Amino acid sequence: MKISNTDKAQVLIQALPYIQKYYDKIVVIKYGGNAMVDEDLKQAVMSDLVLLSLVGIKVVLVHGGGPDISEMLARVGKESRFIGGLRYTDKETAEIVQMVLAGKVNKNLVAHIEQSKGRAVGLCGIDGGMIKVKKLEGEVDLGYVGEITSVDATAIRDALADGYIPVIATVGTDENGEVYNINADTAASRIASELGAENVILMTDIRGLLKDKDDESTFIPHVNVSDVPYLKRQGIISGGMIPKIDCCVEAVRRGVKKAVIIDGRIPHSILIEILSDEGVGTMFA
Ligand SMILES: Nc1ncnc2c1ncn2[C@@H]1O[C@H](COP(=O)(O)OP(=O)(O)O)[C@@H](O)[C@H]1O
Ligand SMILES: CC(=O)N[C@@H](CCC(=O)OP(=O)(O)O)C(=O)O
């Protein structure tokens with residue numbers, strides 16, 4: 001079907017109020033490893049970020065890379081173990097996490113942005129002392145998994161002021177300089193609140209929060225943060241969805257106006273989410 005010029009113009013002009021709303025505002029986008037399904041899709045997502053950045057939105061990209069980490073661990077004969085959505089991280093795993101996230105995944109995303117004629121700079125939580133952590137203490141010992149104690153967003157702000165899209169890998173250091181693995185959803189939430197971001201958008205491989213995770217027709221479009229403890233008790237939220245939901249709740253509590261989980265496998269879902277009134281995922285308020 002051929003789209004008429006009038007229809008094309010209509011689509012563009014409909015984006016105007018959203019461009020005005022978000023102009024000069026910070027939007028933190030977390031791109032999960034499970035949504036990085038192929039290089040073409042990744043390229044399409046990065047082009048969307050370049051477009052958003054060129055219309056004046058301050059885009060900050062925080063990325064995951066869980067599947068890449070698991071693949072590298074398997075190559076060296078190590079099995080991946082997750083407890084409550086978090087990876088058990090021994091010393092050797094922490095080194096591999098740093099190599100894969102800050103090296104392979106981070107530079108690959110920067111290269112894709114540059115390929116779309118955007119400007120990006122790759123950073124990790126170690127750079128500029130950005131993310132400081134202490135060992136996460138809980139019922140189960142997760143090894144070198146960090147709980148964020150502080151975020152210094154200076155390097156991110158400087159990159160934005162210079163017109164770059166900061167691309168951030170989520171490893172951080174403790175007071176002794178030891179490197180820790182940080183869940184990327186958790187880090188995105190803290191970075192968003194530290195930056196006073198307008199929105200935090202989590203791109204994953206599922207439509208959003210589902211009542212039954214194996215049935216997309218049970219999709220939940222809106223969640224009130226006060227309902228989350230109940231949803232958790234009911235067992236509706238499990239695995240990798242746990243840090244995501246916690247991230248959204250935490251971001252909203254800390255003043256981020258909107259936290260959304262969207263399907264990163266749908267081409268241009270991020271443009272539809274930001275530049276139209278069609279909510280495409282689960283919104284937390
Ligand atoms: N209630 C739920 N609704 C949607 N997804 C859920 C739910 N509970 C668990 N999940 C799982 O969470 C996964 C997303 O988390 P994760 O695999 O960590 O993604 P990412 O790599 O994007 O961070 C989904 O693919 C799904 O299998
Ligand atoms: C502590 C912890 O679990 N860290 C994550 C960091 C990467 C991540 O969060 O990647 P996704 O967003 O693709 O899941 C991990 O090791 O897998």
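Since we're looking at a predicted model, the values are computed, not measured.

Analysis parameters
Residues numbered from 1 in each chain as written. Chains lettered and ligands numbered in written order. Predicted model: local features only at pLDDT ≥ 70, side-chain atom pairs only at ≥ 80, totals over all residues. Heavy atoms only, no water. Near = heavy atom within 4 Å. Polar contact = N/O pair within 3.5 Å; in protein donor to acceptor, adjacent residues only side chain to side chain. Areas by Shrake-Rupley, 256 points an atom, 1.4 Å probe, with all protein chains shown as cover. UniProt positions renumbered as here; feature names shortened; annotations may be inferred. Helix = DSSP H or I, 4+ residues; strand = E, 2+ residues; numbered from the N terminus. Contact = heavy atoms within 4.5 Å. Buried < 20%, exposed > 50% of the residue type's maximum accessible area, 1.4 Å probe, protein only. Pairing = 2+ DSSP bridges. Right-handed = clockwise from strand over helix to strand, strands pointing away. Core = buried A, V, L, I, M, F, W, Y, C linked by side-chain atoms within 4.5 Å.

## Some words on the site of ligand 2
Consideration 1: Surrounding ligand 2, one finds 15 residues, the nearest of these being Lys30, Gly33, Gly66, Arg87 and Asn181.
Consideration 2: Within the backbone of Gly33, a nitrogen or oxygen atom sits 2.7 Å from an oxygen atom of ligand 2.
Consideration 3: Between ligand 2 and the protein, one listed contact pairs an oxygen atom with a backbone N or O atom of Ala184 at 3.0 Å.
Consideration 4: Considering ligand 2 on its own, with 430 Å² of exposed area, one finds that the protein chains cover 92% of that surface.

## Focus on the UniProt feature "site: Transition state stabilizer" (unreviewed entry) in the chain
Consideration 1: In this structure's numbering, the residues bearing the UniProt feature "site: Transition state stabilizer" (unreviewed entry) are Lys30 and Lys244. Judged by maximum C-alpha separation, these annotated positions cover 215 residues in sequence but sit close together in space, the widest gap being only 10.0 Å.
Consideration 2: Position of Lys30 among the secondary structure elements: in strand β1 (residues 26-31).
Consideration 3: Those residues in contact with Lys30 that sit more than four places away from it in its chain are Val62, Gly64, Ala184, Asp185, Ala188, Ile201, Leu202, Met203 and Lys244.
Consideration 4: Following the sequence through the fold, Lys244 ends up in helix α9 (residues 241-253).

## A look at unusual backbone geometry
Consideration 1: The phi dihedral of Asp24 falls on the positive side, at around 70 degrees, and the residue is not glycine.
Consideration 2: Here Asp24 lies in the loop between α2 (16-22) and β1.
Consideration 3: Even without a glycine there, the phi angle at Lys117 is positive, about 65 degrees.
Consideration 4: Mapped onto the fold, Lys117 is located in the loop between α5 (91-115) and β5 (120-124).
Consideration 5: Assessed through its relative accessible area of 73%, Lys117 is described here as exposed.

## Notes on the UniProt feature "domain: Aspartate/glutamate/uridylate kinase" (unreviewed entry) in the chain
Consideration 1: In the UniProt entry, the feature "domain: Aspartate/glutamate/uridylate kinase" (unreviewed entry) is given for residues 25-263.
Consideration 2: When the span residues 25-263 is considered, its composition is 38% helix and 24% strand, and the gap between its end C-alpha atoms is 23 Å.

## With respect to the environment of Thr93
Consideration 1: In this structure, Thr93 sits in helix α5.
Consideration 2: On a C-alpha basis, the gap between Thr93 and Ser53 in space is 35 Å, while along the polypeptide they are 40 residues apart.
Consideration 3: Other than its neighbours up to four places away in sequence, Thr93 contacts Leu73, Lys78, Arg87 and Tyr88.

## A closer look at the pairing of β1
Consideration 1: Burial of β1 is extensive: six of the six residues sit out of reach of the surface.
Consideration 2: The alternating pattern of β1 places Ile26, Val28 and Lys30 and Val27, Ile29 and Tyr31 on opposite faces, both of which are buried.
Consideration 3: Here six bridges tie β1 to strand β2 (residues 58-63), and the two strands are oriented parallel to one another. When the sheet's bridge partners are listed, Tyr31 is paired in β2 with His63.
Consideration 4: Crossover connection from β1 via helix α3 (residues 39-54) to parallel β2: handedness right-handed.

## A few points about the environment of Ser193
Consideration 1: Topologically, Ser193 is positioned in helix α7 (residues 184-195).
Consideration 2: Along the chain, Ser193 and Val28 lie 165 residues apart, while their C-alpha atoms are 9.5 Å from each other.
Consideration 3: Setting aside residues no more than four positions away along its own chain, Ser193 makes contact with Arg254 and Val256.

## Some remarks on the nonpolar core
Consideration 1: In this structure, Val28, Val60, Ile156, Val200, Ile245 and Phe284 are the most contacted members of the largest nonpolar core, which totals 46 residues.
Consideration 2: At seven residues, α9 tops the list of elements feeding residues into this core.
Consideration 3: When near neighbours in sequence (up to four residues on either side) are disregarded, Val60 contacts Ile26, Val27, Val28, Ile29, Ile156, Leu160, Pro166, Ile168 and Leu195.

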